[in-house]
Amino acid sequence: MEVDKGKGEAEETRKVAEADRDTVTLKSSDGKLFEVSKEAAARLSTVLAGMIAGGSIDDNGTDLKQIGSEALENVVDYCNKHANSIPSAALISSSISFNTAPFKEPEEWERKFVDRLSHDALFDLVEAANFLGMERLLDVTCHKISEMMKGKSPDQIREVFNIKNDYTKEELEEIRQELAWAFYDD
Amino acid sequence: MEGSGGGGGGMAGGDRLSDLPDSLLHCILSRLGSRQVVQTCVLSRQWRHLWRAAWTIDLDDREFLSTAAPADDTGDVVVALYHHQQTQKKENVSDRFEDLADNLLFHRAAAASSSSASPPPPDTFRLCIGDQTTHARQTNQARWVRRGLLCSPAALDFRYRDGGSFVIDLAAAAPGCPRLTRMRLDNVILEKSFMEQLDALFPALEELHLNGCSFSSVVQIASATVQHHAVDRCRKRFDVQHVVNIVAPRLATLRLAIPFCRSTNVPRHCGPTFTGYSLRGAPPPSLAGASVHVADAGRYLDVRPLHGLILDPKFVRNMALLDSLRQLLLSLSGATFLELSGLRSVVRHAVAPPAVSCH
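Every value quoted in this text rests on a predicted model; they were computed, and no experiment measured them.

1. Describing the overall build of chain B
- Assigned secondary structure in chain B consists of 13 helices and 17 strands.
- Across the 359 residues in chain B, those meeting the buried criterion constitute 50%.
- Sequence separation of 24 or more characterises 70% of the internal contacts of chain B that already satisfy a separation of 6 or more.
- Accessible area of chain B: about 16,100 Å², with a carbon and sulfur share of 56%.

Now the structure itself:
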């Protein structure tokens, strides 16, 4: 940022050369290594931010034993994509917006990012995001799961998510009567 | 997909959803309508009581309309009978919606007032109704707003959907809600009595978004605590030429969209005249960004021939708008980011470099 401010491309290559300084190496449960932008990792994950600030980042790969390589790859992919979409001046003005919902709607690229995941990969990613304290990624993944539930009957939801109905017939009947106001069927 | 050698658990029938911790299940449920959330209680034993602590109470009559899809009426049904059925269906929808709203709010408000191990209060109370539900008496809505606020949410989101304004005496309806930090009201008529009590009713309010609302006799929006304020396409209810005063000493961002009429043939939401705004008191030291959008002004200036304007009483009013706009912009000049749009060109000032230092 100090010397050759002239060309954007030169800047890019220099950044890659300085990768050591700008990135953090993470190691999945099965020993695979991934590099992620330090800035994005610190911004998006409270856990990684804490590790970076506390100096507990290992140059040879910080162990994340709870996260498999596929999920970690997605996490890293997400962070790096996010690093490239830092809000521009134009977004600052639109950020004077209001949101009574407790969460923010995912952006288009974030939607696509989770749409391509398989059922299991999606849940692996939710768990990884939860473990790493990545609020934004949790929002995006939870949004996706809610979309898989939206408008479906309990039976359909059980089917999509493989939920085992462990109620007895009598219990179900009792609940339906107690909460009849939510169960009118047309 | 790429080199899927390892892969996570078998797809052989694991229930990944139910395995998630409750906090994540709530995060997921908070995006669903309340009827569906309550219905998750029958999924399995684990889900039985989850709805009682849902983060969001989201009552939207459209959740009922979508399931009340027209049955397979065949062509030989007499038209009159068909219409009769449709009317009944509508009534059913609003009856069932009422039933859900009353019961759910009763449960949550009762839980909120009992001290022993009750679930935490909801984050958001959202009530969204349209024409189908409004014939079901206004007292219903007042009751729902009151009960919803009794649940002590952090956000109130009350929307009346179908264009026209909706009269509700919020001052009478609102019991006051010390926890409330965010409020959005759509198409509501704002009574003076309510606006005067903002501080008393909502002492922690930080975000206030008024959308398509109309001011009856009120002329002041005052909150000692509001930091983010948006007034979007609001209008005066009567043809009064007063300016709406905004008194907000802690204001950080302000967004105004001001409808501006250019002919007598204007859509209703533009109202008969403009509504001007003025920022009262000392400029808020915390003001970071402001955006003022004047709807339609550009076309007015473009389209009308100049000599015609002078005699047009509307033009005189609009000159008053421009004047009030000028005053407003002056009072906003301390903002780090100021955007004015809707006039012929967008004027942008990015005054102090720090916030907009991208290049």
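2. Here's the deal with the pairing of strand S1 (residues 56–60) of chain B
Residues and elements named next belong to chain B.
- The buried fraction of S1 is high, at 5 of 5 residues.
- Of the two faces of S1, the one holding Thr56, Asp58 and Asp60 and the one holding Ile57 and Leu59 are both buried throughout.
- Inspection of the sheet shows S1 paired to strand S2 (residues 124–129) by 5 bridges, in the parallel sense. Bridge pairing in S2 places Leu59 opposite Leu127.

3. Focus: unusual backbone geometry
- Although it is not a glycine, A:Asn162 sits at a positive phi angle of roughly 60 degrees.
- Examined against the element boundaries, A:Asn162 turns out to sit in the loop between helix H10 (154–161) and helix H11 (169–178).
- The phi dihedral of B:Asn187 falls on the positive side, at around 55 degrees, and the residue is not glycine.
- Within the secondary structure layout, B:Asn187 lies in the loop between strand S5 (182–186) and strand S6 (188–190).

4. Considering the sheet that holds strand S14 (residues 276–279) of chain B
Residues and elements named next belong to chain B.
- Read across the open sheet, the 3 strands follow the order S9-S12-S14; overall the sheet is parallel. Looking at which strands have only one partner, the edges of the open sheet turn out to be strand S9 (220–222) and S14. On average, each strand axis in the sheet is tilted by 20 degrees relative to the strand beside it, whichever way the strands run.

5. Some points on the pattern of salt bridges
- A complete count under the given rule lists 28 salt bridges over all chains for this structure.
- Notably, a salt bridge pairs A:Glu147 with A:Arg111, separated by 3.3 Å at the nearest N-O pair. Here the residue A:Glu147 occupies a position in helix H9 (residues 135–149), and A:Arg111 occupies one in helix H7 (residues 108–115), the gap between them amounting to 36 residues.
- When its relative accessible area of 36% is taken as the criterion, A:Glu147 is described as partly exposed.
- For B:Arg52, the salt bridge goes to A:Glu178, with nearest N and O atoms at 3.5 Å. Of this pair, B:Arg52 sits in the loop between helix H3 (34–39) and S1 while A:Glu178 sits in helix H11, placing the two residues on different chains.
- Each of the salt bridges in this network shares a partner with another, and the network as a whole consists of B:Asp58, B:Asp60, B:Asp61, B:Arg62, B:Arg126, B:Asp157, B:Arg159 and B:Arg161.

Reading the values: rules and limits
Residues numbered from 1 in each chain as written. Chains lettered and ligands numbered in written order. Predicted model: local features only at pLDDT ≥ 70, side-chain atom pairs only at ≥ 80, totals over all residues. Heavy atoms only, no water. Helix = DSSP H or I, 4+ residues; strand = E, 2+ residues; numbered from the N terminus. Buried < 20%, exposed > 50% of the residue type's maximum accessible area, 1.4 Å probe, protein only. Contact = heavy atoms within 4.5 Å. Areas by Shrake-Rupley, 256 points an atom, 1.4 Å probe, with all protein chains shown as cover. Pairing = 2+ DSSP bridges. Axes fitted to C-alpha atoms, helices over the stretch in contact; angles between N-to-C directions. Salt bridge = Lys/Arg side-chain N within 4 Å of Asp/Glu carboxyl O.

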